[in-house]
Amino acid sequence: MTNKEVPRPIRGIIPPMVTPLADRDHLDYPGLEKLVEHVLAGGVHGLFILGTTGEGPNLSNRLRRELIDLVCRQVAGRVPVLVGITDTSFIESLNLAYHAGEAGAGAVVYAGPCYSPIAQAELLSHLERLVRELPLPAYLYNIPSHTKVSFAPETVRFAADSPQVIGIKDSSGDLGYFRSICRACAGRPDFALLIGPEELLADALRAGGHGGVCGGANLHPQLYVSLYNAVRADRPDETALLQDRIQRLAERVYQVGEDQPSYLKGLKCALSLLGLCSDVMSEPFTRFGESERKAIGAHLRDLGLLK
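Residues numbered from 1 in each chain as written. Predicted model: local features only at pLDDT ≥ 70, side-chain atom pairs only at ≥ 80, totals over all residues. Heavy atoms only, no water.

Trainee: Lay out the overall build of the protein in plain terms, naming residues and giving numbers.
Mentor: When helices and strands are tallied, the protein shows 12 helices and 10 strands. Radius of gyration (C-alpha) of the protein: 18 Å, near the 19 Å computed for a compact globule of 307 residues. With the principal axes as the frame, the protein shows a C-alpha extent of 50 × 45 × 35 Å. With 307 residues in all, the protein has 56% of them scored as buried. Within the protein, contacts between residues at least 6 apart in sequence are counted, and of these 74% link residues at least 24 apart. Summed over all atoms, the accessible surface of the protein reaches about 12600 Å², with 51% contributed by carbon and sulfur. In the protein, 31 positive and 35 negative side-chain charges are present, and the distance between their average locations comes to 3 Å. (Helix = DSSP H or I, 4+ residues; strand = E, 2+ residues; numbered from the N terminus. Rg over C-alpha atoms; globule rule 2.2 N^0.38 Å. Buried < 20%, exposed > 50% of the residue type's maximum accessible area, 1.4 Å probe, protein only. Contact = heavy atoms within 4.5 Å. Areas by Shrake-Rupley, 256 points an atom, 1.4 Å probe, with all protein chains shown as cover. Lys, Arg positive; Asp, Glu negative; His and termini not counted. Charge placed at Lys NZ, Arg CZ, Asp CG, Glu CD.)

Trainee: Please provide a residue-by-residue account of empty space enclosed by the protein, values included.
Mentor: Applying the stated criterion across every chain, the model contains two cavities of 30 Å³ or more. The calculated volume of the largest cavity comes to roughly 50 Å³. As for the largest cavity, its lining consists of Phe48, Leu82, Val109, Tyr139, Ile168, Lys169, Leu194 and Val213. Class assignment of the residues belonging to the lining of the largest cavity gives a composition of seven nonpolar, no polar and one charged. By volume, the second largest cavity amounts to about 40 Å³. What lines the second largest cavity is Tyr110, Leu127, Leu130, Val131, Leu134, Ala138, Tyr139, Leu140 and Val165. Of all the elements in the fold, those that place two or more residues in the lining of the second largest cavity are helix 4 (120-133) and strand 7 (138-142). Class assignment of the residues belonging to the lining of the second largest cavity gives a composition of nine nonpolar, no polar and no charged. (1 Å grid on protein atoms, 1.4 Å probe; cavity = no way out; pocket = protein on both sides within 12 Å on 5 of 7 lines; lining within 4 Å. Points joined across faces, edges and corners; volume = space filled by probe spheres on them. Nonpolar A, V, L, I, M, F, W, Y, C, P; charged D, E, K, R; others polar.)

Trainee: Break down the layout of surface pockets for me, citing the residues and quoting the values.
Mentor: Over the atoms rolls a probe the size of a water molecule, and in doing so it shows where empty space is left. The calculated volume of the largest pocket comes to roughly 1000 Å³. Thr52, Ile143, Ser145, His146 and Tyr263 are the residues nearest the centre of the largest pocket, which is lined by 40 residues in total. Secondary structure elements with two or more residues in the lining of the largest pocket: helix 5 (144-147), helix 10 (236-254) and helix 11 (262-273). Tallied by class, the residues present in the lining of the largest pocket amount to 18 nonpolar, 18 polar and four charged.

Trainee: Could you give an account of the packing of helix 1 (residues 29-41) against helix 2 (residues 61-75), with specific residues and numbers?
Mentor: Taken N-terminus to C-terminus, the directions of helix 1 and helix 2 make an angle of 45°; their axes are 11 Å apart at the nearest point. With respect to their mutual orientation, helix 1 and helix 2 come out oblique. Regarding helix 1 and helix 2, the two cross each other, and that crossing is right-handed. Counting all contacts with helix 1, which are made through Tyr29, Leu32, Glu33, Val36, Glu37 and Leu40, the residues of helix 2 involved are Glu66, Leu67, Leu70, Val71, Gln74 and Val75. (Axes fitted to C-alpha atoms, helices over the stretch in contact; angles between N-to-C directions. Parallel < 35°, antiparallel > 145°, perpendicular 65-115°, else oblique. Left-handed = near helix turned anticlockwise from the far one by under 90°.)

Trainee: I'd like a description of the sheet that holds strand 1 (residues 12-13), backed by residues and values.
Mentor: A sheet is described by the order of its strands in space; here eight strands give the open sequence 1-10-9-8-7-6-5-4, paired in parallel fashion. Each having just a single partner strand, strand 1 and strand 4 (47-49) make up the two edges of the open sheet. For strand 6 (residues 107-110) and strand 7, the ladder comprises three bridges, and the chain directions are parallel. Note on strand 7: the bridge partner recorded for Val108 is Ala138. Helix 2 contacts strand 4 and strand 5 (81-84) of the sheet and is inclined by roughly 165° relative to strand 4. (Pairing = 2+ DSSP bridges.)

Trainee: Before we move on, could you go through the packing of aromatic side chains and cite the residues and values that matter?
Mentor: Aromatic rings in a pair are described by how distant their centres are and how their planes are angled relative to each other. Under the criterion given, the structure shown has two aromatic pairs. When the centroid spacing of 6.0 Å and the interplanar angle of 80° are considered together, the rings of Phe48 and Tyr141 count as edge-to-face. With Phe48 in strand 4 and Tyr141 in strand 7, this residue pair connects regions lying 93 residues apart in the sequence. Neither residue differs from the other here; Phe48 and Tyr141 are each classed as buried. Judged by centre distance (4.7 Å) and plane angle (80°), the ring pair of Tyr254 and Tyr263 falls under edge-to-face. Cation over ring: Lys148 sits above Tyr115, and NZ or CZ is 5.5 Å from the ring centre. (Phe/Tyr/Trp six-rings, centres within 6.5 Å; stacked < 30°, edge-to-face > 60°. Lys NZ or Arg CZ within 6 Å of the ring centre and 35° of its normal.)

Trainee: How would you summarise the pattern of salt bridges if you had to cite specific residues and measurements?
Mentor: All chains considered together, the criterion is met by 14 salt bridges. The salt bridge involving Asp203 is made with Arg206; its shortest N-O contact spans 2.8 Å. Note that Asp203 and Arg206 are positioned in helix 8 (residues 201-206) at a spacing of three residues, about one turn of the helix. Residue classification places Arg206 among the exposed residues on the basis of a relative accessible area of 53%. Between Arg248 and Asp302 there is a salt bridge, with its nearest N and O atoms 3.5 Å apart. Of this pair, Arg248 sits in helix 10 while Asp302 sits in helix 12 (residues 290-302), and the two are 54 residues apart along the sequence. Judged by its relative accessible area of 29%, Arg248 falls in the partly exposed class. Residues joined in a network through salt bridges with shared partners are Asp25, Arg62 and Glu66. (Salt bridge = Lys/Arg side-chain N within 4 Å of Asp/Glu carboxyl O.)

As C-alpha cells, this is what we get:
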C-alpha cells in the first residue's frame, strides 16, 4: 500500500482519533468506520491514531496492528495517517513503526520512553538511535504528564537536526513552552509545530504553530477546521468566537465526573450519544454511568450537537 506523503510542515487539524472498542481487546468495527468517515467529512488534514486519546499504550499489540491496518485501508490516502508508536520497549516501538509503514501510514509519533525517568542527554541519544532505524518520518510527542519527561527546547532543536524528525506535538499545556520550541526550531521551516490542548489552539497558531491535534475534533471536526482557517485568514473576531465555542465544548464534555480520565470518558460518551461509536474504555478504566451520560447529553443539546 502506498504511503500518503506527509506535507512538511503538515498544517491544519489532525484529530487524535478515539479507538472505538467493543470490549477490552476487540474493536467496534461499525463504530470505527463511522468515526473515520465523520472526522474526514469535517475537512481535517490528517488522522493521528494510537495516541493518548486513542488509548494506544493500553491496547494489546495485536489490537494496535489491527487498528493501523483498518484505518489505513479505509482512509486510502485521503489524508496522511500518523501512528503512535510509544512503548516501554524500544523494539516494540520499532516493530510497530514497520507495521505502520507496511500498512500505508505516513509518519509515526513518539512520546519517548515511558515509566522510567531519563535525563535529556540520554533522551537525545535514545532518539538518535531510534530515528536511524525508523522506516517513516517521525513526530515527537511532548506529554510530560504521562511520560515523566519533557522534551527540553534544546533537545527538540538537536533532534530537528535529523531530517527524519519532522515535527512535534506539544501536550504540556504550557503556552510559554510552546513559544520556546517555536523559537528553537525557527531555522527549520519544514518542522511542524502542533498543539494538543484545544483551549490553546488559537494562541498557539498565532504564536507560529502549524496546527492542532485536538481531541474535540473527533466530535465536531468542522469547528476546529473553521478556527484554523479563521486564524490563517487573519479574522480575529471570528477566531475569538470559534475559540469560545471550543472552550465551551471542552468545559461541558471533558469536566463531567470526578475521575482522572474524565476528558476521555466524556469524549467517548459524547460520541456514543451521537451514534458514532461505542463508549467502551480500555482497561483499567470504565465508561460513564447513567447520571454522567444524562449530563453529557444535556450539554450536547445545549451545544447544538444533539437534538
